[in-house]
Amino acid sequence: MRASRLTQTLQALVEQKVPVFLWGAPGIGKSSIVKQIAKSKEVGFIDLRLALMDPTDLKGIPFYDKDSHTALWAPPAFLPKNGEGILFLDELNTAAPSVQASAYQLILDRKVGEYELPDGWAIVAAGNRESDRGVTYRMPSPLANRFVHFEMEVDVDDWKYWAFKSALDERIIAYISYKKEHLFTFDPKSDAKSFATPRSWEYVDSILSADLDELLLLDALSGAVSREVAVGFLSFIKVMHKLPDIEAILTTGEGDYSDEVDVLYALSIGLVSALLKDYSDERLDNLLSYTLGLKSEFAVLCVQDLQKNGQTMEHSDVFREWVKKFAYLLA
């Protein structure tokens with residue numbers, strides 16, 4: 001399931017306190033989606049890594065109660081005591097079977113030992129698939145049956161929407177638009193230590209901000225997304241000097257055009273990114289006027305990316321002219 005649909009589904013199930021398990025390859029944003037849902041709902045978020053725990057860590061430590069002359073369990077301090085939120089059990093299937101077993105009661109009955117999960121908290125878990133060659137334990141059927149399961153897919157359009165919202169370096173967004181297969185290059189059969197994932201492209205964004213010289217930059221990017229992808233990305237961003245003045249286009253609606261595909265990808269993403277950062281109806285009209293002379297597929301790419309990021313255009317006279325010209329591509 002792609003991230004946009006998964007987010008909507010997960011929001012509804014979290015509201016109903018239905019336990020959910022997200023499956024997917026490493027680095028595709030499983031934990032980010034859950035954290036973002038908690039943030040959007042303005043509720044708490046606790047990330048537990050059961051792989052780092054012993055069975056008693058979750059159940060608590062037994063102690064003698066002198067009044068009742070019985071042994072009670074002191075619940076761990078990291079479990080929520082009140083309020084609302086999401087208890088996220090990340091990499092659950094990397095935990096040893098004995099630790100997974102200690103989670104049975106918490107997940108199904110919402111309590112373990114003397115501890116009871118507050119009514120306002122939902123449980124979401126995540127893990128890599130066994131086929132991803134990570135360190136995993138086969139999930140026992142009784143535990144698996146305690147979840148509703150979803151497998152998360154990598155989708156370029158969903159990633160681009162997130163990248164624009166997160167103000168990721170526009171050169172990265174342009175490159176992935178141009179070379180979609182380089183968003184995610186993970187191969188479970190390969191022994192390569194570095195490969196491209198949505199998470200490693202975030203590292204690229206940070207590396208680009210580190211102001212390294214070109215030789216060091218290639219090595220750093222290779223360590224994040226692999227040598228092949230790093231070389232392709234650096235070759236692509238060299239076209240940036242061929243771009244017309246984006247700010248002048250948004251100010252006047254006029255500018256030069258290019259016939260080079262890589263330049264056009266970089267240009268369309270640059271226009272959208274610049275408009276989203278500094279929006280006005282006049283700048284929108286100027287962008288639309290300019291795209292009337294742009295190659296049709298890139299004119300449509302600009303408009304679709306703006307619409308996916310919540311920009312409405314029906315109020316614009318220029319957009320009505322734009323629709324007349326490109327309606328055949330929108331059917």
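Residues numbered from 1 in each chain as written. Predicted model: local features only at pLDDT ≥ 70, side-chain atom pairs only at ≥ 80, totals over all residues. Heavy atoms only, no water.

1. Topic: the overall build of the protein chain
Consideration 1: When its secondary structure is counted, the protein chain shows 15 helices and nine strands.
Consideration 2: Its C-alpha atoms put the protein chain at 85 × 45 × 35 Å along the principal axes.
Consideration 3: Taken over 331 residues, the protein chain has a buried fraction of 47%.
Consideration 4: Considering only intrachain contacts with a sequence separation of at least 6, the fraction spanning at least 24 residues in the protein chain is 71%.
Consideration 5: Entry remark: accessible area of the protein chain is about 16900 Å², with carbon and sulfur atoms responsible for 50%.
Consideration 6: Within the protein chain, the 49 negative side-chain charges are centred at a point lying 5 Å from the centre of the 35 positive side-chain charges. (Helix = DSSP H or I, 4+ residues; strand = E, 2+ residues; numbered from the N terminus. Buried < 20%, exposed > 50% of the residue type's maximum accessible area, 1.4 Å probe, protein only. Contact = heavy atoms within 4.5 Å. Areas by Shrake-Rupley, 256 points an atom, 1.4 Å probe, with all protein chains shown as cover. Lys, Arg positive; Asp, Glu negative; His and termini not counted. Charge placed at Lys NZ, Arg CZ, Asp CG, Glu CD.)

2. A word on the layout of surface pockets
Consideration 1: Here the largest pocket is characterised by a volume of approximately 910 Å³.
Consideration 2: G29, S32, I33, M152 and W162 are the residues nearest the centre of the largest pocket, which is lined by 32 residues in total.
Consideration 3: Broken down by secondary-structure element, the contributors of at least two residues to the lining of the largest pocket are helix 1 (3-15), helix 2 (30-41), helix 6 (156-165) and helix 8 (198-208).
Consideration 4: At eight residues, the largest contribution of residues to the lining of the largest pocket is made by helix 2.
Consideration 5: Its residues placed into classes, the lining of the largest pocket shows 12 nonpolar, 10 polar and 10 charged. (1 Å grid on protein atoms, 1.4 Å probe; cavity = no way out; pocket = protein on both sides within 12 Å on 5 of 7 lines; lining within 4 Å. Points joined across faces, edges and corners; volume = space filled by probe spheres on them. Nonpolar A, V, L, I, M, F, W, Y, C, P; charged D, E, K, R; others polar.)

3. Quick look at the sheet that holds strand 2 (residues 44-49)
Consideration 1: Read across the open sheet, the five strands follow the order 2-5-8-1-9; overall the sheet is parallel. Every other strand in the sheet has two partners, leaving strand 2 and strand 9 (148-151) as the edge strands with one partner each. Neighbouring strand axes in the sheet, compared pairwise and without regard to direction, differ in orientation by 20 degrees on average.
Consideration 2: Contacting strand 1 (20-23), strand 2, strand 5 (84-90) and strand 8 (120-127), helix 2 crosses the sheet at an angle of about 170 degrees to strand 5. (Pairing = 2+ DSSP bridges. Axes fitted to C-alpha atoms, helices over the stretch in contact; angles between N-to-C directions.)

4. Some details on the packing of helix 9 (residues 214-225) against helix 10 (residues 227-237)
For any two helices packed against each other, the geometry comes down to the angle between their axes and how far apart the axes lie.
Consideration 1: Viewed as axis vectors pointing N to C, helix 9 and helix 10 meet at an angle of 130 degrees, and their least axial separation amounts to 7 Å. Taken as axis vectors, helix 9 and helix 10 run oblique relative to one another. At the point where helix 9 passes helix 10, the crossing takes the right-handed sense. Here L217, L218, D219, L221, S222 and V225 of helix 9 come into contact with helix 10, specifically with R227, V229, A230, V231, F233 and L234.
Consideration 2: By residue class, the composition of the contact of helix 9 with helix 10 is nine nonpolar, one polar and two charged. (Parallel < 35°, antiparallel > 145°, perpendicular 65-115°, else oblique. Left-handed = near helix turned anticlockwise from the far one by under 90°.)

5. Focus on empty space enclosed by the protein
Consideration 1: Inspection of the entire model under this criterion finds one cavity of 30 Å³ or more.
Consideration 2: A volume near 30 Å³ is recorded for the largest cavity.
Consideration 3: Looking at the lining of the largest cavity, the elements that each hand over two or more residues are helix 6 and helix 14 (296-308).
Consideration 4: With four residues, helix 6 is the largest single contributor of residues to the lining of the largest cavity.
Consideration 5: A per-class count over the lining of the largest cavity returns two nonpolar, one polar and four charged.

6. A short note on the side chain of S194
Consideration 1: Tracing the backbone through its elements, the reader meets S194 in the loop between helix 7 (170-178) and helix 8.
Consideration 2: Among the polar contacts listed, one links the side chain of S194 to the backbone oxygen of S222, at a separation of 3.0 Å.
Consideration 3: Not counting residues within four places of it along the chain, the set of residues in contact with S194 comprises S222, G223, A224, V225 and S226. (Polar contact = N/O pair within 3.5 Å; in protein donor to acceptor, adjacent residues only side chain to side chain.)

7. Notes on helix 12 (residues 261-277)
Given 3.6 residues per turn, any residue in an α-helix points the same way as the ones three and four places further on.
Consideration 1: With 17 residues, helix 12 should reach 24 Å at 1.5 Å per residue; the first-to-last C-alpha distance of 24 Å fits that figure.
Consideration 2: Most of helix 12 is tucked away: 14 of the 17 residues are buried. (Expected span 1.5 Å × (residues − 1).)

8. A closer look at the environment of S258
Consideration 1: Mapped onto the elements, S258 comes out in the loop between helix 11 (246-252) and helix 12.
Consideration 2: In the structure, S258 is positioned 192 residues away from K66 in sequence and 83 Å away in space, judged by C-alpha atoms.
Consideration 3: What S258 contacts, discounting residues up to four positions off in sequence, is V263 and L264.
Consideration 4: From its side chain, S258 meets the backbone nitrogen of E260 in a polar contact 3.1 Å long.

9. Concerning unusual backbone geometry
The phi angle of most residues is negative, glycine excepted, and most peptide bonds adopt the trans form.
Consideration 1: One non-glycine residue, E42, lies in the positive phi region at around 55 degrees.
Consideration 2: Looking at where E42 falls in the secondary structure, it is placed in the loop between helix 2 and strand 2.
Consideration 3: At E91, a position not held by glycine, the phi torsion is positive, near 55 degrees.
Consideration 4: Secondary-structure assignment places E91 in the loop between strand 5 and helix 4 (97-109).

10. Comments concerning the environment of M139
Consideration 1: Its location among the elements puts M139 in the loop between strand 8 and helix 5 (141-144).
Consideration 2: Taking the C-alpha atoms as reference points, M139 and L92, 47 residues apart in sequence, are found 8.9 Å from one another.

11. A short note on the packing of aromatic side chains
Consideration 1: Per the stated rule, a full pass over the model turns up 16 aromatic pairs.
Consideration 2: Ring pairing ties together the aromatic residues Y175, Y178, W201, F233, F236, Y265 and F298, which thus form one cluster.
Consideration 3: Stacked on the ring of Y104, the Lys or Arg R146 has its end atom at 5.1 Å from the ring centre. (Phe/Tyr/Trp six-rings, centres within 6.5 Å; stacked < 30°, edge-to-face > 60°. Lys NZ or Arg CZ within 6 Å of the ring centre and 35° of its normal.)

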